[in-house]
Amino acid sequence: MTTAWETLGRVPLERLADARLQLHWAAQAASAVGKQLLDHQPDSSEQSFVWRDGPRALVQGAVPGPLPFRSGLRPARPALVLLDEGDRSIREHLLDSHTLEEAYAWLEGQIREHLGRRLERPLERPGEEIPPHPVASGARFSAADGEAFEEMGRWFFNAHHFLSAVAARNPGASPVRCWPHHFDIATRIALDPEGDAETARSINIGLSPGDAARAEPYFYATPWPYPQGKPFPELDGGGFWNTEGWTGAVLPASDLVRSPRGEEQREQAERFVATAIAACRNLLGA
């Protein structure tokens, strides 16, 4: 089966950073719902999102109540959304021209309406570890560059479908989730399912939409524990090894979007991930 893939590169990469940072901060509000109202999981996945094609949004699990709902973030026409369990829209809050505090207030009001009661405490605000952006200090969100937000949506769409196919081919792989802290979307291949959490071998395969060290999106594969004193195997598909701050294989967007054809982009990503997983297994002795 061919993995669904939407052509990337319609927007210059340097225009994506601002959209990505705004979405990263908005994701903190959307994820705070699950953090407070869903049952805690050992991996804290109650805070995470999954991509849903229908609403083209990152969506959490369902909050039970008189009117069950799921909190989510839609990248294009950026908005906080509430969906029912069938992914149908219940409410939405367009971010453009609103502040982050207004987003939190909207969510808290909607929660009161759907649960029929007030929250025991306000939704948790993020700490200083999220990359800085003016919206964190009260500036209003701006969706003026709508094309950049649409491109961010294509990155998450592709990553979800691509990584889901990777997970299906690799026993021990976790469901594909987007984690709000780093705003990456990934699957974890457990090589020692019964091992200690700190030392059990695993491979994380994912997409970062960009970060402080690398502003553009990039696919990555990271072995755990980080290997020591071993030569890094060669990678295909334009990938290379990152060794500063963390150890892992990287395929940056600037290399991937050199081809204007979506099929070629997908095939390049597949070559990269296939060799990156094999290389990580080799480094981990698996």
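Higher on the page you've got the structure.
Below is a summary of the structure that appears in this document. (Residues numbered from 1 in each chain as written. Predicted model: local features only at pLDDT ≥ 70, side-chain atom pairs only at ≥ 80, totals over all residues. Heavy atoms only, no water.)

Here's the deal with the overall build of the chain
The following threshold applies: Numbering goes from the N terminus for both helices and strands, where a helix is a DSSP run of H or I of at least four residues and a strand is a run of E of at least two. Relative accessibility under 20% of the residue-type maximum defines a buried residue, over 50% an exposed one, and the middle range a partly exposed one, all with a 1.4 Å probe and only protein chains included. When checking whether two residues touch, look at their non-hydrogen atoms; a contact exists if any pair is within 4.5 Å. Accessibility throughout is a Shrake-Rupley quantity obtained with a 1.4 Å probe, and a residue counts as covered only by protein chains that appear here.
Scanning the chain from N- to C-terminus turns up five helices and 11 strands. If you line up the chain on its principal axes, its C-alpha atoms span 55 × 45 × 40 Å. Scored against the burial criterion, the 286 residues of the chain give a buried share of 51%. Summarising the internal contacts of the chain: among those between residues at least 6 apart in sequence, 59% fall at separations of at least 24. When the accessible surface of the chain is totalled, it reaches about 13200 Å², and 49% of it is carbon and sulfur.

A short note on the pattern of salt bridges
Quick reminder of the rule: Any carboxyl oxygen of Asp or Glu within 4 Å of a side-chain nitrogen of Lys or Arg constitutes a salt bridge here.
Scanning the model with the defined rule gives 19 salt bridges in all. The shortest N-O distance in the salt bridge between Arg271 and Asp236 comes to 3.9 Å. Placement of the pair is Arg271 in helix α5 (residues 262-284) and Asp236 in the loop between β9 (218-224) and β10 (240-242), with a sequence separation of 35 residues. The partly exposed category is assigned to Arg271, whose relative accessible area is 38%. Here Glu263 ties to Arg261 by a salt bridge, and the two come within 3.5 Å at their closest N and O atoms. Looking at Glu263, the relative accessible area reads 42%, which means it is partly exposed. Owing to a relative accessible area of 45%, Arg261 belongs among the partly exposed residues under this scheme. Through salt bridges with shared partners, one network takes in Arg15, Asp145 and Glu147.

Let's talk about the side chain of Arg154
Mapping Arg154 onto the fold places it in helix α3 (residues 146-169). Judged by relative accessible area, which is 9%, Arg154 ranks as buried.

Let's talk about the packing of aromatic side chains
The test is simple: Classification of ring pairs uses Phe, Tyr and Trp, with its six-membered ring standing for Trp, and accepts pairs whose centres are within 6.5 Å; under 30 degrees between planes counts as stacked, over 60 as edge-to-face, and the remaining range as tilted. Think of it as a cone above the ring: NZ of Lys or CZ of Arg counts as a charge over the ring if it is within 6 Å of the ring centre and within 35 degrees of the ring normal.
Evaluation of the coordinates by the stated rule reveals 10 aromatic pairs. Taking the centre distance of 6.4 Å and the plane angle of 50° together, the rings of Trp155 and Phe219 count as tilted. Within this pair, whereas Trp155 is found in helix α3, its partner Phe219 is found in strand β9, the two being separated by 64 residues in sequence. Its relative accessible area of 1% is what places Phe219 among the buried residues. An aromatic cluster of at least three residues, connected via ring pairs, comprises Trp5, Trp155, Phe162 and Phe219. The cationic tip of Arg125 hangs over the ring face of Tyr104; the distance from NZ or CZ to the ring centre is 4.1 Å.

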